[in-house]
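# Secondary and tertiary structure notes
The chain contents come next:
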There are 4 protein chains.
Amino acid sequence: MGVLRLSHVEVRVADLELATAYYVEVLGLVEVGHEEGRVYLKCWDEHDHHSVVLRAHPDPGLEHMSFKVEREDDLDELERALARYGCAVRRLAAGEELGQGEAIRTQAPSGHEVELVHSMLRTGNLLPRVNPPPEPQGLAGVHPPRLDHVAVTAEEVEPAAAFFTAVLGFRVTERLVATGGGLLGVWLERSHSPSDLAITGGPSGGLHHFGFWVDDWYEVRRAADVLAYNGVHIETGPTRHGITRSLAVHFFDPSGNRNEIFTGGYRPDPDHEPTTWTEEEIGRAYFHYGGRLDSRFLVTYR
Amino acid sequence: MGVLRLSHVEVRVADLELATAYYVEVLGLVEVGHEEGRVYLKCWDEHDHHSVVLRAHPDPGLEHMSFKVEREDDLDELERALARYGCAVRRLAAGEELGQGEAIRTQAPSGHEVELVHSMLRTGNLLPRVNPPPEPQGLAGVHPPRLDHVAVTAEEVEPAAAFFTAVLGFRVTERLVATGGGLLGVWLERSHSPSDLAITGGPSGGLHHFGFWVDDWYEVRRAADVLAYNGVHIETGPTRHGITRSLAVHFFDPSGNRNEIFTGGYRPDPDHEPTTWTEEEIGRAYFHYGGRLDSRFLVTYR
Amino acid sequence: MGVLRLSHVEVRVADLELATAYYVEVLGLVEVGHEEGRVYLKCWDEHDHHSVVLRAHPDPGLEHMSFKVEREDDLDELERALARYGCAVRRLAAGEELGQGEAIRTQAPSGHEVELVHSMLRTGNLLPRVNPPPEPQGLAGVHPPRLDHVAVTAEEVEPAAAFFTAVLGFRVTERLVATGGGLLGVWLERSHSPSDLAITGGPSGGLHHFGFWVDDWYEVRRAADVLAYNGVHIETGPTRHGITRSLAVHFFDPSGNRNEIFTGGYRPDPDHEPTTWTEEEIGRAYFHYGGRLDSRFLVTYR
Amino acid sequence: MGVLRLSHVEVRVADLELATAYYVEVLGLVEVGHEEGRVYLKCWDEHDHHSVVLRAHPDPGLEHMSFKVEREDDLDELERALARYGCAVRRLAAGEELGQGEAIRTQAPSGHEVELVHSMLRTGNLLPRVNPPPEPQGLAGVHPPRLDHVAVTAEEVEPAAAFFTAVLGFRVTERLVATGGGLLGVWLERSHSPSDLAITGGPSGGLHHFGFWVDDWYEVRRAADVLAYNGVHIETGPTRHGITRSLAVHFFDPSGNRNEIFTGGYRPDPDHEPTTWTEEEIGRAYFHYGGRLDSRFLVTYR
């Protein structure tokens with residue numbers, strides 16, 4: 001009941017054609033539709049219509065993030081909860097976004113456009129329904145099986161986190177606490193993974209990165225080989241994050257949006273107590289091996 | 001709301017001391033308590049008091065399986081649902097099982113003793129709560145981070161599956177269908193994994209195996225190396241199952257209970273359509289590489 | 001000075017077109033040439049002209065195996081050594097085999113046609129010579145970087161081994177010894193790997209398998225996924241051999257020649273003492289995990 | 001005939017007890033002997049008496065590097081070759097270095113003390129000679145199976161390389177060429193691996209690092225986890241080098257000697273043409289993913 005998981009992100013790209021080539025040929029996503037100024041993409045193991053929308057816009061950043069809810073009437077219930085929290089809600093008619101039923105939109109206190117959707121066209125993954133092999137063959141580039149999480153920034157992390165926990169029912173898995181108190185970052189989940197959504201300090205409305213899952217540490221490295229082969233700017237990794245224990249590589253799409261390929265982590269119970277990281281250990285919290293946080297890693301786009 | 005995941009299994013072992021040595025020194029679980037005729041164990045990344053209970057008994061098999069529910073009052077609600085389904089329910093007082101609050105027990109139509117529990121002693125995993133490393137060092141043997149699922153047998157798979165879906169809210173992820181119709185096996189989940197519980201054809205009340213998660217295909221092989229080093233009887237693998245796409249090795253504890261170490265799989269949405277396997281492809285459904293199902297793999301213990 | 005490594009194998013295939021499709025599209029080798037009744041193939045990281053030759057012939061098996069020698073005059077020296085050993089030697093003119101300089105041929109006491117060659121067309125691997133990436137992208141199927149070894153059978157293992165050690169300078173790395181004495185198998189090397197050549201009991205002149213190297217245990221499993229996807233008959237694995245410690249999967253080409261994809265092993269010094277395996281442990285010697293030797297694994301083709 | 005491979009390195013450590021604790025408990029080497037001011041260590045899969053010697057000395061750096069030759073009379077032959085090249089040679093009596101027979105020493109034009117040895121005590125690896133498992137169990141820390149290579153610095157790379165190729169028969173596998181001509185680095189082998197010895201620009205007599213082999217990319221990451229757990233300063237990685245294609249992590253012992261754990265690479269033929277890297281691509285030549293060479297990576301110790 002309520003939010004199931006991250007459904008999709010809409011990101012801004014300066015050159016729609018170039019960005020599409022990158023996401024399809026290098027990252028290995030599948031183009032599933034397009035309309036004026038937008039291209040819709042999905043990963044090979046996703047069953048819904050799309051998980052990434054590219055929108056032509058001069059500046060990089062996040063146009064909106066969308067979470068899928070379990071039941072149709074969750075939308076009504078969450079609309080009321082949002083109203084009680086003082087958030088203006090806008091209804092999107094079915095079809096207003098390609099392949100999508102009715103949805104609601106609001107602006108989070110973090111400055112991000114947040115969408116909730118229940119009904120999406122079930123186009124199925126790229127495998128047969130009966131006696132499927134474990135993976136399709138011949139996919140291009142990195143081809144992660146699915147989008148996993150989005151990491152955003154907000155000037156005030158605490159109220160941003162409060163919104164997602166109080167109204168949308170997110171659970172906190174990990175927290176990064178400033179020496180003087182206050183939150184530097186928070187990791188939140190609804191899908192029994194360590195993070196469906198992360199919020200760290202930075203410009204409100206900012207996008208830090210969005211991350212795709214792969215099944216194995218070998219595949220993180222293979223992703224890095226594919227990226228290097230294609231001249232993609234790899235920022236960090238392969239490495240391990242202390243936070244969430246995940247194994248990851250970070251890099252940029254041609255417009256400057258940060259992407260992540262990762263694996264690992266753990267499976268938190270809903271009654272899991274959050275893990276705490278302290279500012280003195282921020283280096284190791286982010287980059288467990290090197291133990292240093294390069295300030296460039298904190299750059300984000302609004 | 002409702003069942004969160006598999007909490008623990010109680011299995012029968014002929015020689016409690018030998019079995020404890022095996023589960024602690026070879027599998028690398030941690031002994032957390034014992035009482036007359038029982039030893040309580042957990043994996044290093046589990047937060048609750050225990051996940052495996054060994055019970056001295058001449059014959060191998062499953063004494064009971066226990067699922068954790070999200071809220072205290074889920075117990076009342078599920079008790080009523082069980083009663084409506086015609087199942088006799090027994091209340092266990094807090095402490096009747098070591099480290100455990102109140103629980104309810106019933107017998108499933110598959111002949112298995114099923115427990116539901118909410119409150120367990122939160123003893124924490126083996127890492128610090130603040131700035132934890134990703135894994136403790138110096139653990140013995142295989143040391144999987146957690147118990148993952150249990151696979152049981154029933155003479156009639158269909159009503160067994162119906163009980164778990166209708167009363168306990170399990171969702172079907174995969175089904176193995178007989179050529180003439182009817183279910184040969186069903187895989188069920190509550191925790192966004194491909195299988196918290198599997199039911200296949202066999203003696204009612206039977207235990208096929210219980211499985212522990214590891215993070216990587218390398219670790220499946222490392223488990224096999226540890227097992228072979230210790231003279232453990234490895235039945236199959238490392239291999240891939242077609243069903244659930246998982247990568248696994250199967251082997252036996254000293255009393256003849258089948259264990260599994262596995263990784264992989266995928267993360268099903270609750271609205272995921274089940275995958276279907278047909279009997280003609282049963283070899284590949286079980287053992288994706290060899291494509292043959294050895295009849296010994298169907299042996300189970302009551 | 002002397003034999004450097006396995007250069008190539010020529011294997012018999014019933015249907016040349018089908019076999020070529022298999023070796024190119026499923027195994028991912030590259031076709032580098034063909035002539036009436038023969039197709040020449042190489043792996044992507046090999047620098048010489050070819051490493052596998054397919055020859056149209058109704059029965060599967062090994063037509064010849066060829067070892068590369070370090071210097072041109074090694075051929076003369078080894079020709080004299082072969083003559084002293086009582087072996088008839090035949091000279092092949094440059095070009096008699098495609099892409100190849102002068103070579104010598106003899107029949108080993110094991111009944112196999114053995115070739116020694118120094119000069120082969122240096123066609124280079126599939127990477128640029130300057131600032132190369134670690135691997136080409138977009139290769140088909142399994143695409144192992146290179147051929148590694150050949151395993152053959154002989155009715156009398158001992159004299160077969162003696163020939164390769166005494167005349168061609170092979171060093172013994174591992175030996176499988178019968179309970180009553182006598183050799184059941186021997187593993188031999190010239191290239192600082194655990195086995196360039198293996199000889200086990202079976203029909204003289206027989207081919208047990210030839211093996212391709214991959215870099216990682218993950219790639220052994222990926223090979224199995226590719227093979228299963230393409231309906232290839234996988235006989236055993238992924239598994240570990242006790243002998244040579246290697247990690248491998250065995251399967252058959254469409255004509256019934258056994259192939260292997262493997263990794264691991266170790267790097268023996270030339271002054272390494274051989275490891276001994278005893279017949280009582282033959283199961284674990286071959287299949288370290290299961291510990292059983294299926295008699296079908298001993299089937300070979302003459 | 002001639003040099004087989006790197007036998008051992010003698011490195012200077014400020015605190016012998018602390019360094020021994022690090023190499024034994026964190027890296028997982030085995031202490032095999034000690035004498036006043038020196039501790040002798042080996043890796044678990046090495047058959048000779050030792051591969052690393054720690055020598056108490058206030059400054060870090062390389063005391064000598066030692067290569068093993070195939071035959072006893074190689075020492076005489078190489079002594080004459082060294083004399084012809086104008087190098088003073090000193091004979092070490094058997095036993096002058098622990099566990100070692102007669103050896104010769106000289107100073108390379110690069111300023112390094114180079115030893116050649118044939119006879120070392122064969123103490124065997126940590127496995128039984130008959131029916132061995134693939135790896136011992138219960139080893140501490142990283143426990144790489146063997147020392148692999150040493151990387152040193154010289155003000156003039158070209159004459160340093162010429163010495164090792166002309167006198168000791170090393171083969172060049174890869175070269176890093178300055179834009180204006182001249183060698184910035186050279187990778188040399190004798191054991192069919194991409195590098196037994198590397199020489200890059202820097203202070204003559206300097207030690208850049210010495211490297212230990214592990215079998216798998218997973219184990220490179222596991223090494224990083226062990227190192228981070230123990231508070232070891234990890235400088236770079238896990239990453240891939242463009243040069244040699246190897247996968248590696250670099251870190252420092254408590255005295256400031258750089259260590260490497262790595263895997264991968266390829267198996268060069270002795271007639272392999274060297275790969276060339278150009279100065280413009282020096283970032284990618286060293287760090288294939290990030291593509292940037294941090295100047296700190298060029299720091300070495302004399």
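Because the structure is predicted, anything quoted here is derived from the model rather than measured.

What follows is about the interface of chain B and chain D. Contacts between the two partners involve twelve residues from chain B and, on the opposite side, twelve residues from chain D. Here chain B meets chain D over a buried area of about 970 Å², counting both sides, of which 61% is carbon and sulfur. When the buried surface of chain B facing chain D is broken down by residue, Gln137, Tyr218 and Tyr229 of chain B rank first, second and third, together holding 60% of it. Put simply, chain B and chain D have zero salt bridges between them. Connecting chain B to chain D are two residue pairs in polar contact (both at pLDDT 80 or more). Residue composition of the side of chain B that touches chain D, by class: six nonpolar, one polar and five charged.

It is worth spelling out the interface of chain B and chain A at this point. With 44 residues of chain B in contact, the opposing surface of chain A contributes 44 residues. Both sides of the chain B and chain A interface together cover about 3,600 Å² of buried area, and 44% of this is carbon and sulfur. Where chain B touches chain A, the interface holds ten salt bridges. Where Asp271 of chain A meets Arg122 of chain B, a salt bridge forms, and the shortest distance between an N and an O atom there is 3.6 Å. Summed over the shared surface of chain B and chain A, the result is 24 residue pairs in polar contact (both at pLDDT 80 or more). At the level of secondary structure, the elements contributing two or more residues to the side of chain B that touches chain A comprise strand S1 (3-13), strand S9 (146-154) and strand S17 (275-278) of chain B. Looking at the side of chain B that touches chain A element by element, the count peaks at four residues for S17 of chain B.

Two numbers describe how helix H4 (residues 217-229) of chain B lies on helix H4 (residues 217-229) of chain C: the axes approach to 9 Å, and their chain directions differ by 100°. Classified by the interaxial angle, the pair formed by H4 of chain B and H4 of chain C is roughly perpendicular. Across the interface between the two elements, Trp217, Tyr218 and Arg221 of chain B of H4 of chain B pack against Trp217, Tyr218 and Arg221 of chain C of H4 of chain C. Of the residues contributing to the contact of H4 of chain B with H4 of chain C, the split by class is four nonpolar, no polar and two charged.

Residue and element names in this part refer to chain A. Taken as a whole, chain A is organised into domain 1 (3-117) and domain 2 (146-298). A C-alpha centroid distance of 20 Å is found between domain 1 and domain 2. Listed per partner, the contact involves 40 residues of domain 1 and 40 residues of domain 2. In this assembly, domain 1 packs against domain 2 so that about 2,900 Å² is buried in total across both faces, 75% of it on carbon and sulfur atoms. Summed over the three residues of domain 1 that lose the most area to domain 2, namely Val3, Leu6 and Tyr22, the buried surface amounts to 18% of that side. Between the two partners, domain 1 and domain 2, sit zero salt bridges. At the boundary of domain 1 with domain 2, the tally comes to twelve residue pairs in polar contact (both at pLDDT 80 or more). Elements with a contribution of two residues or more to the side of domain 1 that touches domain 2: strand S1 (3-13), helix H1 (16-26), strand S5 (61-69), helix H2 (74-84) and strand S8 (113-117). If you tally residues by element for the side of domain 1 that touches domain 2, the top one is S1, at ten residues.

All buried positions along helix H3 (residues 157-166) of chain D are accounted for by Val157, Ala160, Ala161, Phe163 and Phe164 of chain D. Down the axis of H3 of chain D, the smallest arc covering the buried residues is 155°, so these residues share one side.

The next point concerns helix H1 (residues 16-26) of chain C. For an α-helix the count is 3.6 residues per turn, leaving residues at separations of three or four pointing the same way. Residues and elements named next belong to chain C. Considered for burial, the residues of H1 that qualify are Leu16, Ala19, Thr20, Tyr22, Tyr23 and Val26. N-capping of H1 is provided by Asp15, with a side-chain oxygen placed 3.1 Å from the backbone N of Glu17. Two residues or fewer after H1 comes Gly28, characterised by a positive phi angle close to 85°.

Let us look at the relation of the copies chain B and chain D. The relation between the two chain copies is a rotation about an axis coupled with a shift along that axis. The two copies are related by a screw motion: chain B maps onto chain D through a turn of 180° and a shift of 0.0 Å along the axis, at an RMSD of 0.0 Å. These values place the two chain copies in the arrangement generated by a two-fold rotation axis. Among all residues of chain B, the minimum C-alpha distance to the rotation axis is found for Tyr218 of chain B, at 3.5 Å. Comparing interface residues between copies, 100% of those in chain B also sit at the interface in chain D, which points to an isologous, same-surface contact.

Enumeration according to the criterion identifies 101 salt bridges over all chains in this entry. The shortest N-O distance in the salt bridge between Arg38 of chain B and Glu10 of chain B comes to 2.4 Å. Taken as a pair, Arg38 of chain B in strand S3 (residues 38-42) and Glu10 of chain B in strand S1 lie far apart in primary sequence, 28 residues in all. Judged by relative accessible area, which is 3%, Glu10 of chain B ranks as buried. For the salt bridge of Arg91 of chain C with Glu79 of chain C, the shortest nitrogen-to-oxygen distance reads 2.6 Å. Here the residue Arg91 of chain C occupies a position in strand S6 (residues 89-92), and Glu79 of chain C occupies one in helix H2 (residues 74-84), the gap between them amounting to twelve residues. Among the charged side chains, a salt-bridge network with shared partners connects Arg5, Asp48, Lys68 and Arg122 of chain A together with Asp269 and Asp271 of chain B.

Turning our eyes to something else, we now look at the pairing of strand S4 (residues 52-56) of chain C. Residue and element names in this part refer to chain C. Where strand S1 (residues 3-13) lies against S4, five bridges are found, and the strand directions are parallel. By the bridge assignment for S4, Arg12 is matched with Arg55. Both strand S3 (residues 38-42) and S4 contribute to a ladder of four bridges, which runs antiparallel. Note that in S4 the partner of Val39 across the bridge is Leu54.

For the pair chain B and chain A, the superposition axis carries a translation of 0.0 Å, the fit reaches an RMSD of 0.0 Å, and the rotation angle comes to 180°. Here 100% of the contact residues of chain B are again contact residues in chain A; the copies associate through an equivalent surface.

What follows concerns the environment of Glu189 of chain A. Residues and elements named next belong to chain A. Along the polypeptide, Glu189 turns up in strand S11 (residues 183-189). Relative accessible area serves as the criterion here: at 1%, Glu189 is assigned to the buried category. Considered as a pair, Glu189 and Leu6 are 183 residues apart in the sequence and their alpha carbons are 9.3 Å apart. Within the local environment of Glu189, its side chain forms a polar contact with the side chain of Arg171, the two groups lying 2.7 Å apart. From its side chain, Glu189 meets the backbone nitrogen of His192 in a polar contact 2.7 Å long.

Cut-offs applied
- Residues numbered from 1 in each chain as written.
- Chains lettered and ligands numbered in written order.
- Predicted model: local features only at pLDDT ≥ 70, side-chain atom pairs only at ≥ 80, totals over all residues.
- Heavy atoms only, no water.
- Contact = heavy atoms within 4.5 Å.
- Buried area = accessible area lost by both parts, 1.4 Å probe.
- Salt bridge = Lys/Arg side-chain N within 4 Å of Asp/Glu carboxyl O.
- Polar contact = N/O pair within 3.5 Å; in protein donor to acceptor, adjacent residues only side chain to side chain.
- Nonpolar A, V, L, I, M, F, W, Y, C, P; charged D, E, K, R; others polar.
- Helix = DSSP H or I, 4+ residues; strand = E, 2+ residues; numbered from the N terminus.
- Axes fitted to C-alpha atoms, helices over the stretch in contact; angles between N-to-C directions.
- Parallel < 35°, antiparallel > 145°, perpendicular 65-115°, else oblique.
- Domains from an automatic or database assignment.
- Buried < 20%, exposed > 50% of the residue type's maximum accessible area, 1.4 Å probe, protein only.
- Arc of directions from axis to C-beta.
- Least-squares fit on C-alpha atoms with pLDDT ≥ 70 in both.
- Pairing = 2+ DSSP bridges.

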